[in-house]
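# Inside the fold
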Amino acid sequence: MTPGGTGSDGSAPSDAELVRAHVAGDPEAFGELVRRHRDRLWAVALRTTGDREEAADAVQDALLSAHRAAAGFRGDSAVTTWLHRIVVNACLDRIRRRQAHPTVPLPDGSLSGDDRGTGPEPIAPTPDQDTVLLVRQALAALPVDQRAAIVLVDIEGYGVAEAAEMLGIAEGTVKSRCARGRARMALALRELRGGPSEPGHDGNRTGERDVSSRSGDTVTSSPAGRERRDQR
């Protein structure tokens, strides 16, 4: 980078150039790096922890760690992957230390930050808002490892390979955690909505029921109850 915060060819510096400039002593380089990525880092932290205060603390911890550890960044992965890995690890550490189920903030009429809309909040939640709240609850109820994988792949849209690098696990493990998390969320959403999603299913019949495997990987349904009813 040259004085004034531009790359060697006069264009905006790359993330890697900003890291190198920070390590070399540029007092503004790391701040520019944070400005580029803070919104997405915040979104990942908020969805992973399920709590605004925990997310804010996790992001702060992660950025301090990145600031101090920048000299050790070797460029083996993208800078954004490196930053996300540090943020996710900070979130997981906080959740595990907390050793309690994450809470889900509910609308209180005074939304702030990235949750604030352009108009007044409606008196009662709309169906879409109800769905968002149910999804948040189901996501918050997942085991933390599954939640982190779901947030990165299904919510933030990262590829399995990127998510695996961020989490420091194998791609197959990411796929497995996502599959188990999706199955758990499907069951949780059905329960949160007040009952089974299929008409005529009371959730208590032994002839027709949803059976979750011990690992939570798959959900199967037995048609025996339906066949008996059809024969009557």
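Please refer to the structure placed before this passage.
Summarised in this report is the structure supplied together with it. All values derive from a computational prediction rather than experimental measurement.

## Describing the overall build of the protein chain
For the protein chain, the helix and strand inventory stands at nine helices and two strands. Residues classed as buried in the protein chain amount to 36% of the 232 residues present. If you take every contact in the protein chain between residues at least 6 apart in sequence, the share linking residues at least 24 apart comes to 58%. Counting every atom, the protein chain has about 13700 Å² of accessible surface; 50% of that belongs to carbon and sulfur.

## Looking at the packing of helix α6 (residues 144-155) against helix α7 (residues 160-167)
At their nearest, the axes of α6 and α7 sit 9 Å apart, and the two run at 140° to each other. In terms of axis orientation, α6 runs oblique to α7. α6 and α7 meet at a crossing whose hand is right-handed. Each of A148, A149, L152 and V153 in α6 lies in contact with α7, whose residues at this interface are A163, M166 and L167. The residue inventory of the contact of α6 with α7, partitioned by class, reads seven nonpolar, no polar and no charged.

## Considering the environment of I150
Position of I150 relative to the elements: it lies in helix α6. Owing to a relative accessible area of 3%, I150 belongs among the buried residues under this scheme. Along the sequence, I150 and R177 sit 27 residues apart, while their C-alpha atoms lie 7.7 Å from each other. Those residues in contact with I150 that sit more than four places away from it in its chain are L139, L142, I155, C178, G181, R182 and M185.

## Points about the environment of L83
Counting through the fold element by element, L83 comes out in helix α4 (residues 79-98). For L83, a relative accessible area of 5% translates into the label buried. For the pair L83 and A62, spaced 21 residues apart in the sequence, the C-alpha separation amounts to 7.8 Å. Dropping the residues within four chain positions of it, L83 is found in contact with L33, H37, L41 and A66.

## A short note on the nonpolar core
Counting 26 residues, the largest nonpolar core has V19, L33, V79, W82 and L83 as its most contacted members. Elements supplying a minimum of two residues to this core: α1 (15-24), α2 (29-49), α3 (52-69) and α4. The element contributing the most residues to this core is α2, with eight residues. Those residues in contact with V19, other than ones at most four positions away along the chain, are L33, A70, F73, V79 and W82. Judged by nonpolar contacts, the second largest core, of 25 residues, contains V144, A149, Y158 and L189.

## So, α1
Those residues of α1 not exposed but buried are D15, E17, L18, V19, A21 and H22. Considering only its buried residues, α1 is in contact with α2, α3 and α4.

## Regarding α7
All of the buried residues along α7 are A163, A164, M166 and L167. Burial along α7 is one-sided: seen end-on, the buried residues are contained in an arc of 165°. Its buried side turned inward, α7 meets α4, α6 and α8 (171-192).

## Points about the pattern of salt bridges
Opposite charge on two side chains permits pairing when their charged atoms draw close. For the structure on display, the rule yields 10 salt bridges. Here R177 ties to D145 by a salt bridge, and the two come within 4.0 Å at their closest N and O atoms. Residue R177 is found in helix α8, and its partner D145 is found in helix α6; the two are separated by 32 residues along the sequence. Residue R177 is classed as buried on the basis of its relative accessible area, which comes to 18%. Via salt bridges that share partners, D15, E32, R35 and R36 belong to a single interconnected network.

## Focus: the packing of α4 against α7
At their nearest, the axes of α4 and α7 sit 8 Å apart, and the two run at 55° to each other. With respect to α7, the element α4 is oriented oblique. Pair α4 / α7 crosses with right-handed handedness. Packed against α4, whose contacting residues are T81, H84, R85 and V88, the element α7 presents E165, M166 and L167 at the interface. Taken together, the residues of the contact of α4 with α7 break down into three nonpolar, two polar and two charged.

How each quantity is defined
Residues numbered from 1 in each chain as written. Predicted model: local features only at pLDDT ≥ 70, side-chain atom pairs only at ≥ 80, totals over all residues. Heavy atoms only, no water. Helix = DSSP H or I, 4+ residues; strand = E, 2+ residues; numbered from the N terminus. Buried < 20%, exposed > 50% of the residue type's maximum accessible area, 1.4 Å probe, protein only. Contact = heavy atoms within 4.5 Å. Areas by Shrake-Rupley, 256 points an atom, 1.4 Å probe, with all protein chains shown as cover. Axes fitted to C-alpha atoms, helices over the stretch in contact; angles between N-to-C directions. Parallel < 35°, antiparallel > 145°, perpendicular 65-115°, else oblique. Left-handed = near helix turned anticlockwise from the far one by under 90°. Nonpolar A, V, L, I, M, F, W, Y, C, P; charged D, E, K, R; others polar. Core = buried A, V, L, I, M, F, W, Y, C linked by side-chain atoms within 4.5 Å. Arc of directions from axis to C-beta. Salt bridge = Lys/Arg side-chain N within 4 Å of Asp/Glu carboxyl O.

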